Amino acid sequence: MPDLDAKIIVNTEFDIGEVDPRLYGSFLEHVGRAIYGGIYDPHHPTADSHGYRTDVMDLVRELSVPLIRYPGGNFVSGYRWEDGIGPQNQRKVRLDLAWRAVEPNLFGLNEFVEWARMVQSEVMMVVNLGTRGIDEACSLLEYCNFPGGTYWSDLRIRHGYSSPHQIKVWCLGNEMDGPWQLGHKTADEYGRLAAETAHAMRQLDPSIELVVAGSSHSRMPTFPEWERVVLEHTYQVVDYISLHSYYGNANQDSRDFLASSVDMDQFINAVIAACDYVKAKMRASKTLYLSFDEWNVWFHSQQQDQTVAPWQVGPPLLEDIYTLEDALVVGTLLITLLRHADRVKMASLAQLVNVIAPIKADPGQPAWRQTIFYPFLHASKWGRGRVLQTLIRAPLYSTRQYGDVPTLDAICVDNESAGELVIFGVNRHLTETLTVEIKLENDQCYRGGEHVILYHDDLMATNSAADPNRVRPYATSINSVIRDALTLRWPPHSWNVIRLKTTTDDSR
Ligand code: AHR
C-alpha cells in the first residue's frame, strides 16, 4: 500500500501567540516516591550533602523546567506548612490523610526552594484551602516573601534564609470541586474563600500572581458551572484559572487513546468560554489566562495502587511505566497546549519524578528516562518563540469517543532567537507511514536542519532500569536548502520534530 499523504502549511507572518516558557512547568507532590525516594534519598550513591539525588537533578535540568508546582495536589489540602520548616530533627511526623501515608517532614518548604534553585526552576506554591484558610495562607506568604522585621519573616531569617524566597506564582488550593478532596467545597463556598484569601495575600504582596482552582476534569458533574460561580467571586482578584486532566487507555483502544488531545482541546475552549462569559457579565476589561497545572497520561498504576499498604513513608504509588503509545499522547497534548498559547500561559506535566513521571529513580540504581521524557524534552528545549497558525490536511480515521480525527497532528513554532523554525507532530496512524508535505509560505529560506523521530516497532514498548534506552529518539539530517516546501516520511505511530535552520535568502 502506498504511503498516505498529508500537508502542513505555515506562514511566519501569522501567529497564535508567544509561548510563555512556563508552559513547560511540572509538578512535585508529597505523594508516593516523588519526594522521599525520588528527589530526596540520602542513601543513594549520587546523593549530595543535603540528601538530594544529583542524577535526578541532572535529568530535571536536561528537561529545562522553568516552574514546579509544590507541595500538592491532594496532599496540600491537609498539609501544615509549618511542620516542614526549622531544624529537621525537631520536625513532627504526621499522617497524610489524602494518600493515607506517613509524612516525616524531613523535606519541606526551604528544602524545596533550595532544590528548585539547583535545578534552575521557579516555585509555584499551592496553599491549603481544604482544612485551612486565609490566615495560614498569609503566614506562609509572609514567611516566604516578606523581607524581615515580622514574626514569620524573622523566623525564615532565623532558619538561615536572610533573603526572601520571592515566590511569584501562588495557587489558591487544589481541586476543591472534588468530593475526594480534604475540605471539599461547593463553588460558592470555595469562590468566597478564594476571593478573600486572594484579597489578603495581595494586600501582603501585590506583586504575586494568583491561580484559582477550576474543575478537576471536564467530566466533573459541576463543570463548567463551577468555573462560572467561582469566577463571579474571584474574577477581579486572580490572574489564572486552573485546569487538570489525565488520560488513559484502560479499554485498550489505541485509536481512541491517541485522539485524547481532542478532549483537552474542547476542555480548554470551554474554560476560555466560561472566563469570557464572566468577563462580559462583569463588564471587565481584564482577560483571564489559563494554567493547565496538572496534565499527563495516568492509568497503568491504578489497580496496583489498591494493593499498597497504608501508613508508609514514600509508598510506591502512581508509578506508571510509560509506553511509546503514552509518549505519542503526551506529544499531542503538548501540541494542543501550544495551539492555545494565546490563553494557556502556564502548564505542569504531572508529575516529575517516580509518580506518573518522565523520570524514574529507583533505590541504588541510576535514574532513567521514561518514554514520555522525550516529547516533553523536545518541546521544552525547542518549542520557544512564536506559535504559528498551522494548517493541516490529513486523512481522517474514526474513533468511538471523538468521531473522525486527523491521522496527523502538528504545530509550528518560530524560535527566532535560536534561528529555527520547528514543527512538532504525531502520526497517529497505527500501521501506515505518512508522506508529509510541509509548505512554507514566507520569504525565508532554510539551510537544512534535522528530523527527530521517536518510534519503535512495538507501540507498547517501554524503557526500564535494565533497558533504559529501548525507546529513544533518533535524528536524520536535512542537508538541502529549503525554499518553498519539503516532504518527509513520518513512520506509523511516531512523534516527529522537524528543526529547520533559518537564514535570509538574498536571491528572492
Ligand atoms: O497528580 C496526582 C493527583 O491528581 C493530585 O494529587 C490531584 O490534584 C489530582 O487528582
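The rules behind each value
- Residues numbered from 1 in each chain as written.
- Predicted model: local features only at pLDDT ≥ 70, side-chain atom pairs only at ≥ 80, totals over all residues.
- Heavy atoms only, no water.
- Buried < 20%, exposed > 50% of the residue type's maximum accessible area, 1.4 Å probe, protein only.
- Helix = DSSP H or I, 4+ residues; strand = E, 2+ residues; numbered from the N terminus.
- Arc of directions from axis to C-beta.
- Core = buried A, V, L, I, M, F, W, Y, C linked by side-chain atoms within 4.5 Å.
- Domains from an automatic or database assignment.
- Axes fitted to C-alpha atoms, helices over the stretch in contact; angles between N-to-C directions.
- Parallel < 35°, antiparallel > 145°, perpendicular 65-115°, else oblique.
- Left-handed = near helix turned anticlockwise from the far one by under 90°.
- Contact = heavy atoms within 4.5 Å.
- Nonpolar A, V, L, I, M, F, W, Y, C, P; charged D, E, K, R; others polar.
- 1 Å grid on protein atoms, 1.4 Å probe; cavity = no way out; pocket = protein on both sides within 12 Å on 5 of 7 lines; lining within 4 Å.
- Points joined across faces, edges and corners; volume = space filled by probe spheres on them.
- Near = heavy atom within 4 Å.
- Polar contact = N/O pair within 3.5 Å; in protein donor to acceptor, adjacent residues only side chain to side chain.
- Areas by Shrake-Rupley, 256 points an atom, 1.4 Å probe, with all protein chains shown as cover.
- Sits in = over half its atoms within 2 Å of the grid points.
- Buried area = accessible area lost by both parts, 1.4 Å probe.
- Salt bridge = Lys/Arg side-chain N within 4 Å of Asp/Glu carboxyl O.
- Pairing = 2+ DSSP bridges.

Undergrad: Which residues make up helix α4 (residues 151–158), and what values go with them?
TA: Those residues of α4 lying buried are Trp152, Ser153, Leu155 and Arg156. For α4, the angular spread of buried residues about the axis comes to 155°, placing them on one side. When the buried face of α4 is taken as reference, the exposed residues oriented beyond 90 degrees from it are Tyr151 and Arg158. At the exit of α4 stands glycine 160, carrying a positive phi of roughly 105°.

Undergrad: So what's going on with the nonpolar core? Which residues, and what values?
TA: Ranked by internal contacts, the top residues of the largest apolar core, which has 137 residues, are Trp115, Trp170 and Trp295. The element contributing the most residues to this core is helix α10 (residues 324–339), with 10 residues. Per-domain counts for this core show at least three residues from each of domain 1 (4–13 + 387–503) and domain 2 (20–382). Counting 23 residues, the second-largest nonpolar core is a separate cluster that includes Ile8, Ala410, Leu421 and Ile478.

Undergrad: Hey, could you go over the packing of helix α5 (residues 187–204) against helix α6 (residues 225–234) for me, with residue numbers and the actual values?
TA: Two quantities define a packed helix pair, namely the angle between the helix axes and the distance between the axes. For the pair α5 and α6, the least separation of the axes is 8 Å and the interaxial angle reads 30°. On the basis of their axis angle, the class for α5 and α6 is roughly parallel. Taken as a pair, α5 and α6 cross one another with a handedness that is right-handed. Residue-level inspection shows Ala187, Asp188, Tyr190, Gly191, Arg192, Ala194 and Ala195 of α5 in contact with α6, the latter providing Trp226, Val229, Val230, His233 and Thr234. For the contact of α5 with α6, a count of residues per class yields 7 nonpolar, 3 polar and 2 charged.

Undergrad: Account for empty space enclosed by the protein, naming residues and giving values.
TA: Tallied over the entire structure, the rule returns 3 cavities of 30 Å³ or more. Those elements giving two or more residues to the lining of the largest cavity turn out to be β6 (122–127) and α3 (134–145). Residues that form the lining of the largest cavity fall into these classes: 11 nonpolar, 2 polar and 2 charged.

Undergrad: Just give me the short version of the site of the ligand, but keep the residues and values in it.
TA: If you check the shell around the ligand, you find 13 residues, and the closest are Glu29, Asn74, Glu175, Tyr246 and Glu294. Side-chain polar atom of tyrosine 246 to an oxygen atom of the ligand: 2.8 Å apart, as the coordinates give it. Within the side chain of glutamate 294, a nitrogen or oxygen atom sits 2.7 Å from an oxygen atom of the ligand. Coverage of the ligand by the protein amounts to 95% of the 290 Å² it exposes when considered alone. Because more than half of its atoms lie within 2 Å of the grid, the ligand is assigned to the largest pocket.

Undergrad: With reference to specific residues and values, describe the domain arrangement of the protein.
TA: As far as domains go, the protein holds domain 1 (4–13 + 387–503) and domain 2 (20–382). Look at where the C-alpha atoms of domain 1 and domain 2 centre, and you get two points 30 Å apart. Counting residues at the interface gives 44 residues for domain 1, matched by 35 residues for domain 2. When residues of domain 1 are sorted by the area they lose upon contact with domain 2, Tyr402, Arg428 and Trp495 head the list and together hold 18% of the total. In this structure, arginine 339 and aspartate 409 form a salt bridge, with 2.6 Å as the shortest nitrogen-oxygen distance. When its residues are assigned to classes, the side of domain 1 that touches domain 2 shows 24 nonpolar, 12 polar and 8 charged.

Undergrad: So what's going on with the packing of helix α8 (residues 261–281) against α10? Which residues, and what values?
TA: Where α8 contacts α10, the axes come no closer than 9 Å and their chain directions differ by 25°. Accordingly, the angle class assigned to the pair α8 and α10 is roughly parallel. The two elements α8 and α10 cross, and the hand of that crossing is right-handed. On the side of α8, the interface is formed by Ser261, Met264, Asp265 and Ile268, while α10 contributes Thr332, Leu333, Thr336 and Leu337. In terms of residue class, the contact of α8 with α10 is made up of 4 nonpolar, 3 polar and 1 charged.

Undergrad: I'd love a proper account of the sheet that holds strand β10 (residues 289–297), names of residues and values included.
TA: The strand order around the closed barrel formed by 8 strands is β2-β3-β6-β7-β8-β9-β10-β11, and the pairing between neighbours is parallel. Sheet twist, expressed as the mean angle between neighbouring strand axes with direction ignored, is 30°. Direction of pairing for strand β7 (residues 169–172) relative to strand β8 (residues 209–212): parallel, over a ladder of 4 bridges. Its bridge partner lying in β8, cysteine 171 is registered against valine 211. Contacts between α3 and the sheet are confined to β6 and β7, with β7 contributing the most and set at about 170° to the helix. Against the sheet, α5 engages β6, β7 and β8, with an angle of about 155° to β7.

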